[in-house]
Amino acid sequence: MTRGAAVDEETLQFYRGNAEAYAGRTFTSRQARLTAFLAQLPPGASILELGCGAGGDTAEMLARGFDVRATDGSPEMADVASKHLGRTVETLLFHELDEIEAYDAVWANACLLHVPRPELADVLARIWRALRPAGVFYASYKEGDGGGRDTLNRYYNYPSPEWLRATYAVAGSWNALSIESGEVIGFDDKMASMLFVVARKGG
Ligand code: SAM
C-alpha cells in the first residue's frame, strides 16, 4: 500500500527523530480518562492501541490485566516502547489497519490528531471495522478550525466538535458519542485545548 496522503511524513519524521526525547517526557493528563475508559471494559478485554508513543498507557493497561496490542507508526518510537515494556510493539500506520471485529476497544491518545483532515474518515472507518459490536473507542484531538502545523512542524487536523461529529458519522454508526473539552501541555510546552472523544460501535 502506498502511503499517499494518508501519512504526514514531516510529522512522522519528527517522531522518528525524537523518539528518545519524547519518551523522556511524562504526560499525566489522560490518567483519569484511561481509568474511565478501562472501567467500561470486561476484565481481560482486547485493546488495540494506536500511536502508543513510549508506551506509558500500554504499561498501565497491561498492569491492569488487559490484552493489549500496542502499535506506533514510527519504528523508532515502537523500539523505545518495546524496550520500556519488555515486549514487542509493532510498527503500524493508521491506514494499514485492516482487521474485522478483532478488538473490544481501541485507545488512540493524542495520535489521530496528526491524520490529514481528508483522511480521517477513512482511518475512523478502519477503526470501526476493527471493533467488535459495541466496542469502545477513545481518541483525543487538539481543537481548532482547520489543519495546520505547530512550531515543531507537526501537522494537526485541529477539528471543531461539529466537524468531528460529522466525520465520525461518515465513518460508521456510533452510539453514545461524547466529546469533552480540556487542556494539556504538549511536547512543544504550549497549552492546548483538547477534545476527548469516546464512542461505542453501533449496529
Ligand atoms: N499516544 C502517545 C501518548 O499519548 O503519549 C503518543 C502520542 S504522540 C503525540 C503521537 C504518536 O503518533 C507518535 O508516537 C507518532 O509516532 C504516532 N504517529 C504519527 N503519525 C502516525 C501514523 N500515520 N500512523 C501511526 N502512528 C502515527
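Everything here concerns the structure above.
What counts, and where the lines are drawn
Residues numbered from 1 in each chain as written. Predicted model: local features only at pLDDT ≥ 70, side-chain atom pairs only at ≥ 80, totals over all residues. Heavy atoms only, no water. Helix = DSSP H or I, 4+ residues; strand = E, 2+ residues; numbered from the N terminus. Rg over C-alpha atoms; globule rule 2.2 N^0.38 Å. Buried < 20%, exposed > 50% of the residue type's maximum accessible area, 1.4 Å probe, protein only. Contact = heavy atoms within 4.5 Å. Areas by Shrake-Rupley, 256 points an atom, 1.4 Å probe, with all protein chains shown as cover. Lys, Arg positive; Asp, Glu negative; His and termini not counted. Charge placed at Lys NZ, Arg CZ, Asp CG, Glu CD. Pairing = 2+ DSSP bridges. Right-handed = clockwise from strand over helix to strand, strands pointing away. Salt bridge = Lys/Arg side-chain N within 4 Å of Asp/Glu carboxyl O. Near = heavy atom within 4 Å. Polar contact = N/O pair within 3.5 Å; in protein donor to acceptor, adjacent residues only side chain to side chain. 1 Å grid on protein atoms, 1.4 Å probe; cavity = no way out; pocket = protein on both sides within 12 Å on 5 of 7 lines; lining within 4 Å. Sits in = over half its atoms within 2 Å of the grid points. Nonpolar A, V, L, I, M, F, W, Y, C, P; charged D, E, K, R; others polar.

Undergrad: Sorry if this is basic, but what is going on with the overall build of the protein chain here?
TA: Helix and strand counts for the protein chain stand at seven helices and nine strands. Here the C-alpha radius of gyration of the protein chain, 15 Å, is about what a compact globule of 203 residues would show, namely 17 Å. Counting only C-alpha atoms, the protein chain reaches 40 × 40 × 35 Å along its principal axes. Residues counted as buried form 50% of the 203 residues belonging to the protein chain. Sequence-distant contacts, at least 24 apart, represent 66% of the contacts inside the protein chain between residues at least 6 apart. Roughly 8,900 Å² of accessible area belongs to the protein chain as shown, and the carbon and sulfur atoms make up 51% of that amount. In the protein chain, 20 side chains carry a positive charge and 27 a negative one; their mean positions are 2 Å apart.

Undergrad: For this particular structure, what's the right way to read the pairing of strand β2 (residues 67–72)?
TA: Along any regular strand the residues' side chains alternate between the sheet's two faces. With four bridges connecting them, strand β1 (residues 46–49) and β2 associate as parallel partners. Residue pairing in the sheet places S46 in a bridge with D67 of β2. At this point the chain moves from β1, through helix α4 (residues 56–63), to the parallel β2, and the crossover so formed is right-handed. Two strands pair when backbone bridges link them, and β2 and strand β3 (residues 90–91) are joined in this way by two bridges, in the parallel orientation. Looking at the pairing, T71 lines up with E90 of β3.

Undergrad: Can you help me understand the pattern of salt bridges in this one?
TA: Charged atoms that come close allow side chains of opposite charge to pair. In the structure shown here, the tally under the stated rule is 11 salt bridges. One salt bridge in this structure joins D189 and R25, with 3.2 Å as the shortest N-O distance. Residue D189 is found in the loop between β8 (174–185) and β9 (191–201), and its partner R25 is found in the loop between α2 (19–23) and α3 (31–39); the two are separated by 164 residues along the sequence. On the accessibility criterion, R25 (30% relative accessible area) is partly exposed.

Undergrad: Hey, could you run me through the site of the ligand in this one?
TA: Around the ligand sit 18 residues, and of these Y15, G51, D72, G73 and N109 come closest. In this structure, a nitrogen atom belonging to the ligand sits 2.6 Å away from a main-chain N or O atom of G51. Between the ligand and D72 there is a distance of 2.6 Å, counted from an oxygen atom to a side-chain nitrogen or oxygen. Isolated, the ligand exposes 590 Å² of accessible area, and the fraction of that covered by the protein chains is 96%. Here the ligand is seated within the largest pocket. A class-by-class count of the residues in the shell around the ligand yields 10 nonpolar, six polar and two charged.

Undergrad: What am I meant to see in the pairing of β8 here?
TA: Where β8 lies against β9, 10 bridges are found, and the strand directions are antiparallel. Bridge pairing in β9 links S181 to L195. Between β8 and β9, which pair antiparallel and follow one another directly, the connecting turn spans five residues, one of which, D189, has a positive phi of 65°.

By themselves, these are just geometric observations and shouldn't be taken as functional.
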